[in-house]
Amino acid sequence: MPMSRSDAEQRAAAALVVRHLPERPRAAVLTLHGGRPDGFEAARPWHLAALRMRPVLRAAALALSLDEVVLGQVRYRHRGWNGGDPAQDAFRALSELGRLAGEVPVVLVGHSMGGRAALRAAAHPGVRGVLALAPWLPEGEPTAHLRHARLVVLQGDRDRVTSAGASVDFVRRARTSGARAGAVLIGDGDHAMVRRSGLWHRSTAGVVAELLRPGDGPAGLAAESFTAAGALVL
């Protein structure tokens with residue numbers, strides 16, 4: 001049956017883009033791509049920032065049981081942060097996911113601006129964990145809402161776009177707020193996750209699977225980063 005115009009319009013306006021939907025979902029992984037500090041032009045799936053997250057989602061999928069896990073992306077209305085637009089889009093996507101799959105635990109994986117949006121959206125009760133890749137975290141980025149959160153920041157030590165130092169400081173403040181938080185630096189890693197891409201993808205896959213673990217929670221790299229005095233270096 002052809003899609004009606006109203007159905008097509010609703011799908012186009014949706015904040016959640018589903019890439020994989022099992023019959024009986026038990027968890028979900030959503031990616032959030034990067035963007036710009038400001039800009040009200042429409043975000044498009046062919047923009048480089050969005051394309052960059054496709055291999056990241058594929059890498060995460062390799063470590064998961066696809067019979068149980070929803071895979072999706074957050075669709076932004078605009079390319080810019082604009083005071084928090086992508087974070088609001090993330091909350092809308094989480095609400096849409098709840099209507100589609102029920103109350104399942106979610107791990108958010110965000111890059112750059114998307115990392116900032118994912119960390120803001122950790123306030124949503126359905127979010128079990130956040131993996132922030134080379135996140136954009138300006139001074140004073142709030143952490144009070146992360147009291148019960150589990151989060152890992154993964155950043156290249158040669159990032160010239162966002163600050164590894166700011167990420168480590170954010171993790172420290174998040175711990176003070178009560179979060180289980182860790183920072184991991186990829187030696188010779190860059191902002192675009194091109195240098196040592198295999199390590200970026202393997203680390204992403206492992207951390208996402210660890211953050212989704214029920215019960216006592218993460219093991220492996222995530223757990224190690226939570227207890228480290230400073231940032232781990234790979």
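Attention here is on the structure that accompanies the text. (Residues numbered from 1 in each chain as written. Predicted model: local features only at pLDDT ≥ 70, side-chain atom pairs only at ≥ 80, totals over all residues. Heavy atoms only, no water.)

### A closer look at the overall build of the protein
Step number 1: Within the protein, the regular secondary structure consists of 8 helices and 8 strands.
Step number 2: Relative to the 2.2 N^0.38 estimate, which gives 17 Å for 234 residues, the radius of gyration of the protein is 17 Å and therefore close to what a compact globule would have.
Step number 3: Counting only C-alpha atoms, the protein reaches 55 × 40 × 35 Å along its principal axes.
Step number 4: If you take every contact in the protein between residues at least 6 apart in sequence, the share linking residues at least 24 apart comes to 70%.
Step number 5: For the protein, the accessible area works out to roughly 11,000 Å², and carbon and sulfur atoms hold 52% of it.
Step number 6: Taken together, the 30 basic and 21 acidic charged side chains of the protein have centroids lying 1 Å from each other. (Helix = DSSP H or I, 4+ residues; strand = E, 2+ residues; numbered from the N terminus. Rg over C-alpha atoms; globule rule 2.2 N^0.38 Å. Contact = heavy atoms within 4.5 Å. Areas by Shrake-Rupley, 256 points an atom, 1.4 Å probe, with all protein chains shown as cover. Lys, Arg positive; Asp, Glu negative; His and termini not counted. Charge placed at Lys NZ, Arg CZ, Asp CG, Glu CD.)

### Thoughts on the pattern of salt bridges
Step number 1: Using the criterion set out here, one finds 10 salt bridges in the structure.
Step number 2: When the shortest N-O distance is used, the salt bridge between Glu41 and Arg36 registers 2.4 Å.
Step number 3: Where Asp169 meets Arg173, a salt bridge forms, and the shortest distance between an N and an O atom there is 3.3 Å. With Asp169 and Arg173 both in helix H6 (residues 164-176) and 4 residues apart, the pair spans about one turn of that helix.
Step number 4: What you see here is one network of salt bridges that share partners, running through Arg77, Asp89 and Arg92. (Salt bridge = Lys/Arg side-chain N within 4 Å of Asp/Glu carboxyl O.)

### Considering the packing of aromatic side chains
Step number 1: In the structure shown here, the tally under the stated rule is 1 aromatic pair.
Step number 2: Ring centres of Trp81 and Trp136 lie 6.0 Å apart, and the angle between their planes is 80 degrees; this geometry places the pair in the edge-to-face category. Of this pair, Trp81 sits in the loop between strand S3 (69-74) and helix H4 (85-101) while Trp136 sits in the loop between strand S5 (127-133) and strand S6 (150-156), placing them 55 residues apart in sequence.
Step number 3: Accessibility expressed as a relative area gives 5% for Trp81, which makes it buried.
Step number 4: Look at Trp136 and you get partly exposed, because its relative accessible area is 24%.
Step number 5: Its guanidinium or amino end placed over the ring of Trp136, Arg116 lies 4.4 Å from that ring's centre, counting from NZ or CZ. (Phe/Tyr/Trp six-rings, centres within 6.5 Å; stacked < 30°, edge-to-face > 60°. Buried < 20%, exposed > 50% of the residue type's maximum accessible area, 1.4 Å probe, protein only. Lys NZ or Arg CZ within 6 Å of the ring centre and 35° of its normal.)

### Regarding a nonpolar patch on the surface
Step number 1: Taken together, the side chains of Val18, Leu21 and Leu100 make up a nonpolar region of the molecular surface, amounting to roughly 230 Å² of accessible area.
Step number 2: Here Leu100 falls in the partly exposed class, since its relative accessible area comes to 42%. (Patch = residues over 30% accessible without salt bridge, like charges linked within 9 Å, V, L, I, M, F, W, Y side chains within 5 Å.)

### So, the sheet that holds S5
Step number 1: If you walk across this open sheet you meet the 8 strands as S1-S3-S2-S4-S5-S6-S7-S8, and the pairing is mixed. The sheet terminates laterally at strand S1 (16-20) and strand S8 (232-233), the two strands that pair on one side only.
Step number 2: The sheet contact formed by strand S2 (residues 27-32) and S3 spans 5 bridges and is parallel. Each bridged residue has a counterpart across the sheet, and for Leu30 the counterpart in S3 is Gly72. (Pairing = 2+ DSSP bridges.)

### Topic: the environment of Leu154
Step number 1: Tracing the backbone shows Leu154 in strand S6.
Step number 2: Considering only alpha carbons, one finds Leu154 and His201, 47 residues apart in sequence, at a separation of 11 Å.

### Examining the pairing of S5
Step number 1: In terms of burial, S5 is a largely internal element, 6 of the 7 residues being buried.
Step number 2: As paired strands, strand S4 (residues 106-111) and S5 are joined by 6 bridges and run parallel to one another. Opposite Val107, over in S5, you have Gly129 as the bridge partner.
Step number 3: Where the polypeptide runs from S4 across helix H5 (residues 113-121) and back to S5, its parallel neighbour, the crossover connection is right-handed.
Step number 4: As defined by bridge partners, S5 adjoins S6 across 4 bridges and the pair is classed as parallel. Among the inter-strand pairings, Val130 is bridged to a residue of S6, identified as Leu151. (Right-handed = clockwise from strand over helix to strand, strands pointing away.)

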